[in-house]
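Examination of the molecular architecture
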Amino acid sequence: KKEVAKQPVIKAAPSADEPGSGFYVQLGAFKEKPRAQGLIDQLRHHGWNGVLSKKTNGLYAVWAGPEQQRAEADKLQIAIEKKMKTRGFIVHQKGT
């Protein structure tokens, strides 16, 4: 009889509509989801985590992060500006 190795339980990350708590750098908000996804793809290409947050006004906000400390988000904002030539601004997402 062949034994099947147990797979570790992996906690699901927050969905795209429910970003986790922390500080993020918002880099844009788009009416069209594919445009927002394109910016997320660029972030990931540079090694950063990108999150899509659908707003109540129907726009798709693109956030980089999260960082637990504001100072770390400030550093992330500067690094993104240097590589991608877009500044963005810091947003704080509170946990549910």
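This part takes up the nonpolar core. Formed by 18 residues in total, the largest nonpolar core has its most connected members in Leu27, Leu43, Val62, Ala64 and Ile80. Contributions of two or more residues to this core are made by β1 (22-30), α1 (33-45), β3 (60-67) and α2 (70-84). One finds Tyr24, Val51, Trp63 and Val91 within the second-largest nonpolar core, a separate group that totals five residues.

Attention now goes to α1. Counted at 1.5 Å a residue, the expected span for α1 with its 13 residues is 18 Å, and the 18 Å between its end C-alpha atoms agrees. Taken together, the buried positions of α1 are occupied by Ala36, Leu39, Ile40 and Leu43. The buried side chains of α1 occupy one side of the element, clustering within an arc of 100 degrees when seen end-on. Exposed positions of α1 whose direction lies more than 90 degrees from the buried face are Pro34, Arg35 and His45.

Relative to the helices and strands, asparagine 57 is located in the loop between β2 (50-54) and β3. Along the primary structure asparagine 57 and lysine 31 are separated by 26 residues, whereas in three dimensions their C-alpha atoms are 9.3 Å apart. A distance of 3.0 Å separates a polar side-chain atom of asparagine 57 from the backbone nitrogen of leucine 59.

This paragraph deals with the environment of lysine 83. Mapping lysine 83 onto the fold places it in helix α2. For lysine 83, a relative accessible area of 55% gives the class exposed. With 40 residues separating them in the primary sequence, lysine 83 and leucine 43 have C-alpha atoms 9.7 Å apart. When neighbours within four sequence positions are excluded, lysine 83 is seen to be in contact with His46 and Trp48.

What follows deals with the confidence of the model for the protein chain. Scored by pLDDT, the protein chain has a mean of 86; 80% of the residues are at 70 or more. Residue range residues 7-16 is modelled with pLDDT below 50. Its contacts to residues more than four positions away, or to other chains, number five contacts.

This brings us to the pattern of salt bridges. The final tally for this structure, using the stated rule, is four salt bridges. Among the salt bridges present, the one from arginine 35 reaches glutamate 32, with a minimum N-O distance of 3.7 Å. The exposure class of glutamate 32 is partly exposed, given its relative accessible area of 37%. Its salt-bridge partner being glutamate 72, residue lysine 75 comes within 3.4 Å of it at the nearest N-O pair. Taken together, the residues span about one helical turn, with lysine 75 and glutamate 72 both in helix α2 at a distance of three residues. Overall, lysine 75 belongs to the exposed group, its relative accessible area being 53%.

Criteria and cut-off values
Residues numbered from 1 in each chain as written. Predicted model: local features only at pLDDT ≥ 70, side-chain atom pairs only at ≥ 80, totals over all residues. Heavy atoms only, no water. Core = buried A, V, L, I, M, F, W, Y, C linked by side-chain atoms within 4.5 Å. Buried < 20%, exposed > 50% of the residue type's maximum accessible area, 1.4 Å probe, protein only. Helix = DSSP H or I, 4+ residues; strand = E, 2+ residues; numbered from the N terminus. Expected span 1.5 Å × (residues − 1). Arc of directions from axis to C-beta. Polar contact = N/O pair within 3.5 Å; in protein donor to acceptor, adjacent residues only side chain to side chain. Contact = heavy atoms within 4.5 Å. pLDDT = per-residue confidence, 0-100. Salt bridge = Lys/Arg side-chain N within 4 Å of Asp/Glu carboxyl O.

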